[in-house]
Amino acid sequence: MKKITFFVFVLVAMLLVSCGSSKSGTSNPYGKEMVLTESEAYALQKPGKRAAGKGESYDESAARQLAELDARATFSNALASAIVSAAKKSNVDITQYAGSTTDGMTATDGGGQANTMAKSISTNIIKNTNIVKVNKFFGNNRVYTIFVCLEYIGEIEDMAKEAAQQVKQRVSDEDRAKIQYELEKFEKEIKNDLINNMRK
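Residues numbered from 1 in each chain as written. Predicted model: local features only at pLDDT ≥ 70, side-chain atom pairs only at ≥ 80, totals over all residues. Heavy atoms only, no water.

Undergrad: Sorry, what's going on with the pattern of salt bridges here?
TA: Pairs can form between side chains of opposite charge once their charged atoms are near each other. Overall, the coordinates contain seven salt bridges when judged by the stated rule. Across the salt bridge formed by E157 and K191, the nearest N and O atoms sit 3.8 Å from each other. With E157 in helix α5 (residues 156-170) and K191 in helix α7 (residues 180-199), this residue pair connects regions lying 34 residues apart in the sequence. K191 sits in the partly exposed class, given a relative accessible area of 28%. The closest approach of N and O atoms between E187 and K161, which form a salt bridge, is 3.4 Å. Placement of the pair is E187 in helix α7 and K161 in helix α5, with a sequence separation of 26 residues. K161 gets classed as partly exposed once you look at its relative accessible area, which sits at 48%. Each member of the salt-bridge network shares a partner with another, and the members are K49, R50 and E151. (Salt bridge = Lys/Arg side-chain N within 4 Å of Asp/Glu carboxyl O. Helix = DSSP H or I, 4+ residues; strand = E, 2+ residues; numbered from the N terminus. Buried < 20%, exposed > 50% of the residue type's maximum accessible area, 1.4 Å probe, protein only.)

Shown next, in the form of structure tokens:
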């Protein structure tokens, strides 16, 4: 009887140990959750007028430059996407104004021309930005990792107005008079797209 009791006790103890070890060994199937830097979190508070970027280098100034370039590229792509979307919704065919040789554009398919022009406009607009947050890290591998947050100087309305203005500058006087209503709608659509982006 004592042997049976001892055997049951050992068996229960082994089960408890194995359950405990299996619980402690479980992990998130997606991996370890990463924490956002202050720059990334700040950018996400207003994604319509802010963007974060990351740069890595053995040289601190180079890492910062790469982070700024990354943020500018993110910002420019988001704004260009809003411009192309607004053009479709407002029936403004920006492809017919995209072939200007002064912009160094080549004749491509309509979608390619629209994207090229939108990218050109967005690149000009985001020149009006400043770095508002910086996070710097220096790793054991002696590599600098820098995060920055870039913010547009002005309001969403200013970005939308500037984008519409740049399209107007590429349109002939005759065409501008014809599509004035569409251009006004185009400006509103850009504004709405950027504001909706801020709410995501």
